[in-house]
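# Summary of the model geometry
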Amino acid sequence: MHRAFCWLLAAFLALAAPASFAADLAPLVRGLGAGSYAETEKAIAGLAETGDPAVVPVIEALQAGDLHIRKADGAVVVAKRAGNGYALTDPLTGAALGEADRNAVEKIRINNALRRTISATLGALTLMSPDANTRRQAAEAVFKSRDANALDALNTALAKETDERVRRAMTQARASVLLAGDAPDADKIAAVAVLQERGDQDARALLNGAANTGSDAVKDAATKAIASVEQRLALWGAAQNLWYGLSLGSVLLLAAIGLAVTFGVMGVINMAHGEMVMIGAYATFLVQEAFRQWAPGLFDFSILVALPVAFLVSGAVGVAIERSVIRWLYGRPLETLLATWGLSLALQQAVRSIFGPTNREVGAPSWMSGAFELGGLTITYGRLWIVVFAFLVFGALLVALRKTWFGLSIRAVTQNRSMANAMGIRTARVDALTFGLGSGIAGLAGVALSQIDNVSPNLGQGYIIDSFMVVVFGGVGNLWGTLVGALALGGVNKFLEPYAGAVLGKILVLIFIILFIQRRPRGLFALKGRAVEA
Amino acid sequence: MLTRFFLMGLDKKAGVLLTVLAVLAVAVPVMALGTAPDSPWHLSTHTVALLGKYLCFALLALSLDLVWGFVGILSLGHAAFFTLGGYAMGMYLMRQIGSRGVYGNADLPDFMVFLNWTELPWYWHGFDQFWFAAIMVMLVPGLLAFAFGWFAFRSRVTGVYLSIITQAMTFALMLAFFRNDMGLGGNNGLTDFKEILGFDVQAASTRVGLFVATVVALAAGYILASAVVASKLGKVLIAVRDAESRVRFLGYETDRYKLFAWTLSACMAGVAGALYVPQVGIINPSEFSPASSIEAVIWVAVGGRGTLAGPVLGAVLVNFGKSYFTAALPELWLFALGGLFVLVTLFLPRGILGLAAQLRDRLPARATVTAKPADQKGV
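The structure presented is a predicted model; accordingly, all values stated were derived computationally and were not measured. (Residues numbered from 1 in each chain as written. Chains lettered and ligands numbered in written order. Predicted model: local features only at pLDDT ≥ 70, side-chain atom pairs only at ≥ 80, totals over all residues.)

### What about the overall build of chain A?
- Helix and strand counts for chain A stand at 22 helices and 7 strands.
- In terms of C-alpha radius of gyration, chain A reaches 33 Å, well past the compact-globule figure of 24 Å for 534 residues.
- When the backbone C-alpha atoms are referred to their principal axes, chain A occupies close to 100 × 60 × 45 Å.
- In chain A, which comprises 534 residues, the share counted as buried stands at 44%.
- Long-range pairs, those at least 24 residues apart, make up 68% of the contacts in chain A with a sequence separation of at least 6. (Helix = DSSP H or I, 4+ residues; strand = E, 2+ residues; numbered from the N terminus. Rg over C-alpha atoms; globule rule 2.2 N^0.38 Å. Buried ≥ 20, exposed ≤ 12 C-beta atoms within 10 Å, placed from the backbone. Contact = placed C-beta atoms within 7 Å.)

Right under this line is the structure:
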């Protein structure tokens, strides 16, 4: 009850004007400059008793040796060297107090006994901070420093702590201090158990230390704990790889899914596919610039606006390419390949001429930045959204092809062009729109990739080979194959990385695909039947 | 007998091309070494090296035409064979530096000393001998092509799929050669060459010698390719290009024919690469990039695929254009190259050399324009 009242009071005071605090603290701060070490210590204790976070910078300044007494009026000030003299600031409010000559101030001296008091006080102050995050960070700091001086403060704070997470952090910090110091075996073994529960790299390092130096009983406990921690780490490592694999797989899926339409459904080898992605990324850049210019407050929505814009721009470029070049080359896939490669060169150079060869800055909206922790995993929101987005696009495309009139026409033209034509489907228009759809999806991929990759004229080049690998591996003409192909290649790549390194891992994947094509020349999920030979 | 085999493939085009090459082989040395530096007829060492480079590309284009023009395999990985040949030659040139490197190590090239290697890796042994390097120039690309083709043709990977996996092959090689652990200079590749067969690589006379060697190699490659194409074997190759299944049903083992042409082509590309390296003075992994393979394809397309002489012409023309554009109008080069890809595929499917035939076909018989020329079917 009493504690609750204290917190309430603290919260209330924190809300009140900070000036009132400064007024209360000022006499205590002045006490720091009273003269003898004993009096300084008393003043520190007095400051610590207030439990006010505003005290922290003052004591930190004292620790750093920046705290001085102004001889003129005996005021305690923070003095930092500036030119020949000192620049003075108020230790509590941070307000500038002008400059002073070197002889006008006198440093407040501290000895080793005071230093210990100071560091314990600082630890206690931050551990007692009303803000749970600050308390947790302080506990983490103690965990890392293993500072034995903080033990008392830690015990006091632990007794008062109510927040479950902070409590855990403090218990772990206490365990780390105990294990590093010379506590009795029973305490150390209890500490080992706490660290085993924490189970991360830091805990393993601490346990390793204990396993090498402690008494036999402690060694034994530590060795067992290490085995358990390592097992846990391996498990989380696998989960981490799985997540990275999923993340890479979704990027591959995004890049390849448009290709699955143009190459898989239409049989057109579009080497300019990567440039459609690049155009989508630049469309995002332009939309963001527009937002920065006219509506900076709505910046968080710029990505949402960029999606349809990128889809339409890339799609329009795709339709233009189909109408002007590709339609003359149907049935000649190798020529299509060359012509679209030429287009990709021209598009790259066009973008380079317009936007310059350097990377363009595309910002992340606030809801896409930051990260959260899930057990031993750190997941960034950006990556999470890209995974979600990739699956959304995939689902939408699947529905579009299966359930809409347009999708029906696409499938009809793919399966039997002349019959579709006879039934009144305008095949030329369907061709153009299908190509536009594939290109537009590439544009959507560009919006997502602009968040994780450099937006430069070469953006698309980095994805074109990977996307072809995914489509060919998954099986041409099969969207599900593309999904499985992308996730499988992403996963394999990331699982190889820790053992072989990123580059060698990629080489191995390429060799694997080359060999795989030999076994199944038409991919994982090959279309069967007469349509294949046509 | 053998002479007849080699001569029967030669026709009027061949006569023109070989004459031009012979003239070059005489005129260039005379103009480069026999004239005063201020004479209008004088060719600088730089120009000689540039011409030599074009002819190396011409040989690469020729080798590509052998597989694309006559067997219908569009390789997007020929730069891999070219670069492997180049690396074999580069390794020989590296060993010739000896103790004249920056670190003065008699055995190890500079980059190995830099990486704190103490011993020469096993695959570097033998490259101090020219004959060994000369064999490797053809053997390494040949073996890779043989292994790759053996798997791919046996599993009947054709058309676009084959193109894409050749691209994957060269991409994988590029990534591999970028690694320092490969022991081939990583990013920087092999450079700073001093001597070839005891001659200073930088000297004008050596450059002229290398140029003549390139002309001879190109002429030999051309005669060999013509002979192969005109032989009975060549007829089967063309048949494979136009209707592979039918040829197989007639009892030919098409895989073997394809494998032969594919491996031969890779060896020729390797030689081109080996001649290229001492003339430009450097070889690095970016030569493996898929883009350079595709660029070689456009040389063939511009000149006219399936003509042998066309690709030689195309390679020289496109690279001359590249030298001109990248110096005078660097912004426009990629537009020009990209436009070339599109225009040639749309309007010149048979290239420059096929232009006359294309016009002949089109003018008198407009009504039958839907009948496609034979050489486009198997593509």
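And the narrative resumes.
### Here's the deal with the overall build of chain B
- Across its full length, chain B carries 15 helices and 4 strands.
- Computed over its C-alpha atoms, the radius of gyration of chain B comes to 21 Å, within 12% of the 21 Å expected for a compact globule of 379 residues.
- Counting only C-alpha atoms, chain B reaches 75 × 55 × 50 Å along its principal axes.
- Expressed as a percentage of contacts within chain B between residues at least 6 apart in sequence, the contacts between residues at least 24 apart total 79%.

### Let's talk about the UniProt feature "transmembrane region" (unreviewed entry) in chain A
- The UniProt record annotates "transmembrane region" (unreviewed entry) at residues 242-269, 301-321, 384-401, 468-492 and 498-517 of chain A.
- Helix makes up 95% of residues 301-321 of chain A and strand 0%, with an end-to-end C-alpha separation of 31 Å. (UniProt positions renumbered as here; feature names shortened; annotations may be inferred.)

### As for the interface of chain A and chain B
- Between chain A and chain B, the residue contacts involve 33 residues of the former and 39 residues of the latter.
- Counting residues per element, the side of chain A that touches chain B draws most heavily on helix α14 (residues 333-355) of chain A, which supplies 14 residues.
- Residue composition of the side of chain A that touches chain B, by class: 25 nonpolar, 5 polar and 3 charged. (Nonpolar A, V, L, I, M, F, W, Y, C, P; charged D, E, K, R; others polar.)

### Comments concerning the UniProt feature "transmembrane region" (unreviewed entry) in chain B
- Taking the numbering used here, the UniProt-annotated feature "transmembrane region" (unreviewed entry) corresponds to residues 48-68, 75-94, 130-153, 160-178, 210-238, 259-277, 297-320 and 332-353 of chain B.
- Across residues 130-153 of chain B one finds 100% helix and 0% strand; the C-alpha atoms that close the span lie 34 Å apart.

### Overview of the domain arrangement of chain A
- Domain annotation for chain A reports domain 1 (2-115), domain 2 (131-214) and domain 3 (237-367 + 378-533).
- Distance from the C-alpha centre of domain 1 of chain A to the C-alpha centre of domain 3 of chain A: 61 Å. (Domains from an automatic or database assignment.)

### Concerning the nonpolar core
- If you look at the biggest cluster of nonpolar residues, it comprises 203 residues, and the most contacted ones within it are Ala61 and Ile298 of chain B.
- Looking at this core element by element, the count peaks at 16 residues for helix α3 (residues 45-71) of chain B.
- Apart from residues lying up to four places away in sequence, Ala61 of chain B is in contact with Ala296, Trp299, Val300, Pro311, Val312, Gly314 and Ala315 of chain B.
- Of all hydrophobic cores here, the second largest spans 61 residues; its members include Ile44, Ile69, Leu92 and Leu125 of chain A. (Core = buried A, V, L, I, M, F, W, Y, C linked by C-beta atoms within 7 Å.)

### Some points on the pairing of strand β7 (residues 377-380) of chain A
Residues and elements named next belong to chain A.
- When strand β6 (residues 371-374) meets β7, the two strands line up antiparallel, connected through 4 bridges. Along β7, the bridge assignment pairs Phe372 with Ile379.
- Taking the residues that link successive antiparallel strands as the turn, the β6-β7 hairpin has 2 residues, and the phi of Gly375 there is positive, at about 60°. (Pairing = 2+ DSSP bridges.)

### Considerations on the confidence of the model for chain B
All names here are of chain B.
- For chain B, per-residue confidence averages 88 on the pLDDT scale, and 93% of positions sit at 70 or higher.
- Low pLDDT, under 50, characterises residues 366-379; the stretch is placed with 16 contacts to residues that sit more than four places away or in other chains.
- Model confidence for the complex is summarised by a pTM of 0.77, with the ipTM given as 0.85. (pLDDT = per-residue confidence, 0-100.)

### A short note on the sheet that holds strand β5 (residues 105-107) of chain A
Residues and elements named next belong to chain A.
- If you walk across this open sheet you meet the 5 strands as β4-β3-β2-β1-β5, and the pairing is antiparallel. A strand with exactly one partner marks an edge of an open sheet, and here the two such strands are β4 (96-100) and β5. Sheet twist, expressed as the mean angle between neighbouring strand axes with direction ignored, is 40°. (Axes fitted to C-alpha atoms, helices over the stretch in contact; angles between N-to-C directions.)

### Let's talk about the pairing of β4 of chain A
Residue and element names in this part refer to chain A.
- Where strand β3 (residues 85-89) and β4 come together, 3 bridges link them in antiparallel fashion. Bridge pairing in β4 links Tyr86 to Ala100.
- Joining the antiparallel neighbours β3 and β4 is a turn of 6 residues, in which Gly94 adopts a positive phi near 80°.

### Considerations on the packing of helix α13 (residues 302-324) of chain A against helix α18 (residues 427-449) of chain A
All names here are of chain A.
- With their axes 6 Å apart at the nearest point, α13 and α18 run at an angle of 140° to one another. At the point where α13 passes α18, the crossing takes the right-handed sense.
- Taken together, the residues that form the contact of α13 with α18 break down as 15 nonpolar, 9 polar and 3 charged. (Left-handed = near helix turned anticlockwise from the far one by under 90°.)

### Regarding the packing of helix α11 (residues 216-265) of chain A against helix α19 (residues 461-474) of chain A
Residues and elements named next belong to chain A.
- Relative to each other, α11 and α19 sit at 65°, their axes nearing to 8 Å. Relative to α19, the element α11 is oriented roughly perpendicular. Relative to α19, α11 is oriented so that their crossing is right-handed. Contacts between α11 and α19 involve Leu252, Ala255, Ala256, Leu259, Ala260, Phe263 and Gly264 from the former and Tyr463, Asp466, Ser467, Phe468, Val470 and Val471 from the latter.
- The residue inventory of the contact of α11 with α19, partitioned by class, reads 10 nonpolar, 2 polar and 1 charged. (Parallel < 35°, antiparallel > 145°, perpendicular 65-115°, else oblique.)

### Remarks on helix α21 (residues 502-519) of chain A
- End to end, α21 of chain A covers 26 Å across 18 residues, agreeing with the expected 26 Å (1.5 Å per residue, within 8%).
- Among the residues of α21 of chain A, Lys506, Ile507, Val509, Leu510, Ile513, Ile514 and Ile517 of chain A are the ones counted as buried. The arc that holds every buried residue of α21 of chain A, seen down its axis, measures 160°, which confines them to one face. Residues Leu515 and Arg519 of chain A are exposed on α21 of chain A and point more than 90 degrees away from its buried face.
- On its buried face, α21 of chain A sits against α19 and α20 (479-500) of chain A together with α7 (159-178) of chain B. (Expected span 1.5 Å × (residues − 1). Arc of directions from axis to C-beta.)

### Digging into helix α15 (residues 381-403) of chain A
All names here are of chain A.
- With 23 residues, α15 should reach 33 Å at 1.5 Å per residue; the first-to-last C-alpha distance of 32 Å fits that figure.
- Of all the positions in α15, only Arg383, Ile386, Val387, Phe389, Ala390, Val393, Phe394 and Leu397 are classed as buried.
- Where α15 is buried, its residues meet α11, β7, α18 and α20.

### Examining the environment of Ala139 of chain A
Residues and elements named next belong to chain A.
- Structurally, the position occupied by Ala139 is in helix α6 (residues 132-145).
- On the neighbour-count criterion, Ala139 (29 C-beta atoms within 10 Å) is buried.
- Taking the C-alpha atoms as reference points, Ala139 and Ala104, separated by 35 residues in sequence, lie 40 Å from one another.
- Sequence-distant contacts of Ala139, that is, excluding residues within four places in its chain, are made with Leu127, Val166, Ala169, Met170 and Ala173.

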